[in-house]
Amino acid sequence: MKKIFLLLIFWASVGFLYAQTTTKTNRPDENTIVKDDAGNVYQYAIWQKLLQTGEYAIRSVKIAGEENATFLLYRMSEEEKAEKKRKKAAYAATLPKPRTSGVFIDGKKFSFDKMKTLEGLKFDFKKDTGKVVVFNFWFINCPPCKQEIPELNELVEKYKEHKNVVFVAIALDDEVALKNFLRFSPFNYNIIPNGRFYAEKHGVKSYPTHLIVGKDGLVKFSTIGLATNTVFWVDKTISEQL
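Residue numbers restart at each chain and count upward from 1, following the sequence in its written direction. In view of the model being predicted, local features appear only for residues whose pLDDT reaches at least 70, and side-chain atom pairs are presented and counted only at 80 or more, with totals across whole chains, interfaces and linings using the full set of residues. Processing note: side-chain calculations cover all non-hydrogen atoms of the structure and skip hydrogens and water entirely.

Enquirer: Run through the state of the cysteines, naming residues and quoting values.
Expert: Cysteine sulfurs are considered disulfide-paired once they come within 2.5 Å of each other. Enumeration over the complete set of coordinates arrives at 1 disulfide. Here Cys142 is linked by a disulfide to Cys145, with a sulfur-sulfur distance of 2.2 Å. Because the sign of the S-S torsion sets the handedness, a value of about 75° for the bond joining Cys142 and Cys145 places this disulfide among the right-handed ones. Only protein chains enter the accessibility calculation, which uses a 1.4 Å probe; a residue is then buried when its area is under 20% of its type maximum, exposed when over 50%, and partly exposed in between. Taking relative accessible area as the criterion, Cys142 reaches 3% and is therefore assigned buried.

Quick look at the structure:
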């Protein structure tokens, strides 16, 4: 009887260890092999950047003779992209409101400054009132700032017919650096170069920082960093002001 009992413990232990080894995660990371349908292997930085465009996705595929799963990189159809956006928006709606910036207070009057964009367009919202102004404080070497650009470009496209919605990106970088960056990574906000003055004036120290000022000149929303539902709340706040 004792032998049977010890044997049962042994097999239970083996089963537990087996379960531990066979349920390991297949979450893709920097060590994951990612290929396209032609067999080309993509480095981590490259396939991550492609995913961030919103045009591509990856899925796990099992290749005969290989122990670890390989991931296939593919361009999504319009239907797949629409479904992905729908699911993401539905999930974002269930999350708590992102943390506030701490430097902009909801309901407080915002102090506008005269600004000049990279393209030479001048803004003076003290005189040109009645606009919903969507600010983004950022800089080129800020990873989350760059990561959110494709989604922010989608917002610009969504509200392009609303002339009373103005998107302004205040960059810390100079004109030369910005022009070089934008050649390969278009950012469709109105870009304000050399924006450190504006950031310091308002006490902005975390990037990206989002701020929305309503038609009445009052702060409606602000947040720092990039959370899963950051852009969702930027979009939500804009729509509420129209």
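Enquirer: Can you break down the pairing of strand 10 (residues 209-213) residue by residue, with the values?
Expert: Note on conventions: DSSP H or I runs of at least 4 residues are helices, E runs of at least 2 residues are strands, and numbering of each starts at the N terminus. The buried fraction of strand 10 amounts to 5 of the 5 residues, a majority that puts the element mostly inside the structure. What you see with strand 10 is no split at all: Thr209, Leu211 and Val213 on one side and His210 and Ile212 on the other are buried throughout. In terms of strand pairing, strand 7 (residues 132-138) meets strand 10 through 5 bridges, oriented antiparallel. The residue bridging Val134 from the neighbouring strand is Ile212, located in strand 10. Here strand 10 runs beside strand 11 (residues 219-224); their pairing, made up of 5 bridges, is antiparallel. For Thr209, the partnering residue across the bridge sits in strand 11 and is Ile224. If DSSP finds at least two bridges between two strands, the strands pair. Hairpin connection, strand 10 to strand 11: the antiparallel pair is bridged by 5 residues, and Gly217 has positive phi, about 80°.

Enquirer: Go over the layout of surface pockets with me, naming the residues and quoting the values.
Expert: Quantified by volume, the largest pocket comes out at close to 1,200 Å³. Each cavity reported here is a set of points on a 1 Å grid over the protein atoms alone in which a 1.4 Å probe fits but cannot get out, each pocket an open set with protein on both sides within 12 Å along at least five of seven lines, and each lining residue one with an atom within 4 Å of a point. Lining of the largest pocket is provided by 35 residues; of these, Leu51, Lys84, Lys88, Glu151 and Thr228 occupy positions nearest its centre. Ranked by residue count, the leading element in the lining of the largest pocket is helix 3 (residues 78-92), at 8 residues. Grid points are joined across faces, edges and corners, and a volume is the space filled by probe spheres set on the points. Taken as a whole, the second largest pocket encloses approximately 340 Å³ of empty space. Residue lining of the second largest pocket: 14 residues in total, with Lys49, Gln52, Lys146, Pro150 and Ser185 positioned closest to the centre. Only helix 2 (44-52), helix 4 (143-147), helix 5 (149-158) and helix 6 (175-184) provide two or more residues apiece to the lining of the second largest pocket. When residues in the lining of the second largest pocket are grouped by element, the largest group, 4 residues, is from helix 4. Here the lining of the second largest pocket is built from residues that sort into 7 nonpolar, 5 polar and 2 charged. Three categories are distinguished: nonpolar for Ala, Val, Leu, Ile, Met, Phe, Trp, Tyr, Cys and Pro, charged for Asp, Glu, Lys and Arg, and polar for the others, with Gly belonging to the last.

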